[in-house]
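# Summary of the model geometry
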Amino acid sequence: MKVTRVESIVLLGRYHLVRVFTDEGIDGVGEVSPMNAAVTHTMVERALAPLVVGEDPFDVEKIWHKMFHRPYKLGPTGAQLEGMAGIDIALWDVIGKASGQPVYKLLGGKFRPDSEVYASSMRRDMTPREEAERALSFKEQGYRAYKIHSATPWMYDSGEDQTIETVREMRRLVGDDFAILVDVNNAYLPHTAVKMARKLEAYDVWHFEEPIPAYDYAGLAALAEAVDIPIAAGEQEYHRWQFRDLIQIGRVDILQPDVIKCDGITEFKKIAALAQTHDKPITVHNTQPTIGTLAHLHLWVSTPSCIYPQEYNIEPHPLRDETPIWKEPLLVQRGRMQVPERPGLGVELDGAVLARLRG
Ligand SMILES: [Mg+2]
């Protein structure tokens with residue numbers, strides 16, 4: 001089997017999918033992290049697709065090696081590896097369809113029967129009371145955990161912040177049998193992060209995510225040593241060597257790779273092996289509730305280190321809610337997701353919707 005074409009598709013000017021076509025009539029779909037679609041689209045079309053056409057889609061290691069090393073002056077983080085992720089996920093979809101097996105069965109099979117997710121709120125404009133009531137509503141829907149995004153990203157102590165007030169209100173409303181996760185997107189300097197973590201411990205916060213500037217691995221290590229609350233990070237890391245350093249130097253407690261950023265399923269499995277070797281649980285970064293979540297779902301059920309509930313974006317998303325890109329939606333029920341049993345990723349795209357959203 002040979003790859004005949006790689007198609008880069010940007011929907012609604014923002015959401016980036018990749019389709020891989022083969023000479024046997026089998027095609028696959030992958031997703032690229034959004035927000036920089038014009039750049040990642042060019043990356044896939046100009047730099048990466050020419051390296052993939054003509055290859056056997058089963059040769060993922062060889063294709064990964066070519067895509068990682070040949071355009072090395074463009075990376076090796078950011079757009080290059082996000083583009084690689086879209087192609088790699090699509091290749092695994094092809095491999096699954098060609099083998100007649102769901103992708104998870106090719107990744108080691110079911111370590112667990114299904115996957116639990118936590119409700120991830122992306123809002124920063126709610127009052128503590130509003131956020132607490134929203135968390136309670138998700139508890140009533142069967143979720144066991146809820147994450148707030150709080151403080152001001154990348155402002156290093158100088159932004160607006162109602163983190164403690166929000167967590168206090170949430171704990172009061174949801175009770176003790178519900179996990180609260182706090183993500184501040186690199187809002188604090190290390191000494192402030194220590195103080196905040198100690199306050200959050202009083203409310204039994206389950207994890208404290210990206211508390212300080214990304215890549216300050218020494219600072220992360222000092223924080224992890226100083227406080228009891230688990231420190232989570234990894235959405236700024238793109239490949240196994242960065243995760244090695246995050247583990248060994250940063251000494252964080254919970255790792256957060258994202259399959260649509262970190263080079264796809266092929267690299268995720270290597271990061272997962274590193275995580276398992278160091279006894280670090282994975283709770284992925286997962287903001288795209290369509291193909292990205294689907295690819296993650298195959299990894300969640302097959303990866304031993306995906307122990308805790310995984311991230312699920314609860315905000316409205318056009319490709320899931322208004323104009324679904326697939327014929328059968330992937331649903332969360334009582335805070336759990338079932339992995340599709342059909343070959344490949346297990347989704348049938350709606351071609352008419354894709355054509356319309358491309359504009
Ligand atoms: Mg985050």
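Cut-offs applied
Residues numbered from 1 in each chain as written. Predicted model: local features only at pLDDT ≥ 70, side-chain atom pairs only at ≥ 80, totals over all residues. Heavy atoms only, no water. Buried < 20%, exposed > 50% of the residue type's maximum accessible area, 1.4 Å probe, protein only. Helix = DSSP H or I, 4+ residues; strand = E, 2+ residues; numbered from the N terminus. Pairing = 2+ DSSP bridges. Donors = N, O, S within 2.8 Å, 3.2 Å for Na, K, Ca; no water. Axes fitted to C-alpha atoms, helices over the stretch in contact; angles between N-to-C directions. Contact = heavy atoms within 4.5 Å. 1 Å grid on protein atoms, 1.4 Å probe; cavity = no way out; pocket = protein on both sides within 12 Å on 5 of 7 lines; lining within 4 Å. Points joined across faces, edges and corners; volume = space filled by probe spheres on them. Nonpolar A, V, L, I, M, F, W, Y, C, P; charged D, E, K, R; others polar. Phe/Tyr/Trp six-rings, centres within 6.5 Å; stacked < 30°, edge-to-face > 60°.

## Things to note about the pairing of strand β10 (residues 310-313)
A two-sided burial pattern is seen for β10, the buried positions comprising Gln310 and Tyr312 on one face and Glu311 and Asn313 on the other. Where strand β4 (residues 115-120) meets β10, four bridges bridge the pair, whose relative direction is parallel. Of the residues in β10, the one forming a bridge with valine 117 is glutamine 310.

## Side note on the coordination of the magnesium ion
Looking at the metal site, the magnesium ion is ligated by Asp183 (OD), Glu209 (OE) and Glu235 (OE), spaced 2.0 to 2.1 Å from it. Read in sequence order, the donor residues for the magnesium ion give the motif D-x25-E-x25-E. Placement of glutamate 209 in strand β7 (residues 207-209) and of glutamate 235 in the loop between β8 (231-233) and α9 (240-248) is noted, with a sequence separation of 26 residues between them.

## Thoughts on the sheet that holds strand β1 (residues 3-11)
Judged by pairing direction, the sheet is antiparallel, and its three strands sit side by side in the order β1-β2-β3 without closing on themselves. In this open sheet, the two edge strands, each paired with only one partner strand, are β1 and β3 (27-32). Within this sheet the neighbouring strands show an average axis-to-axis angle of 20°, counted without direction. When β1 meets strand β2 (residues 15-22), the two strands line up antiparallel, connected through eight bridges. Its bridge partner lying in β2, valine 10 is registered against histidine 16. Strands in contact with helix α12 (residues 351-358) are β1 and β2; relative to β1, the strand with the most contacts, it is inclined by about 60°.

## Focus: empty space enclosed by the protein
Throughout the structure, instances matching the rule amount to one cavity of 30 Å³ or more. When its volume is computed, the largest cavity comes out at roughly 50 Å³. In terms of lining, the largest cavity is formed by 13 residues, of which the most central are Glu210, Ala214, Tyr215, Leu220 and Ala233. Here the lining of the largest cavity is composed, by residue class, of eight nonpolar, three polar and two charged.

## Considering the side chain of aspartate 263
Here aspartate 263 lies in the loop between β9 (254-255) and α10 (265-277). Apart from residues no more than four positions distant in its own chain, aspartate 263 is found in contact with Trp64, Phe68, Leu81, Met84, Ala85, Asp88, Tyr238 and His239.

## With respect to the packing of aromatic side chains
Considering all chains together, one arrives at six aromatic pairs under this definition. Centroid distance phenylalanine 138 to tyrosine 146: 6.2 Å. Interplanar angle 50°. Geometry classified as tilted. Among the residues examined, phenylalanine 138 registers a relative accessible area of 11% and is labelled buried. Residues tryptophan 206 and tyrosine 308 carry aromatic rings whose centres are separated by 5.0 Å and whose planes lie at 85° to one another, so their mutual orientation is edge-to-face. Taken together, the positions of tryptophan 206 in the loop between α7 (190-201) and β7 and tyrosine 308 in the loop between α11 (291-302) and β10 put the pair 102 residues apart, joining distant regions of the chain. Since its relative accessible area comes to 31%, tryptophan 206 is described here as partly exposed. Using a relative accessible area of 29% as the deciding quantity, one classes tyrosine 308 as partly exposed. Ring pairing ties together the aromatic residues Trp64, Phe68 and Trp241, which thus form one cluster.

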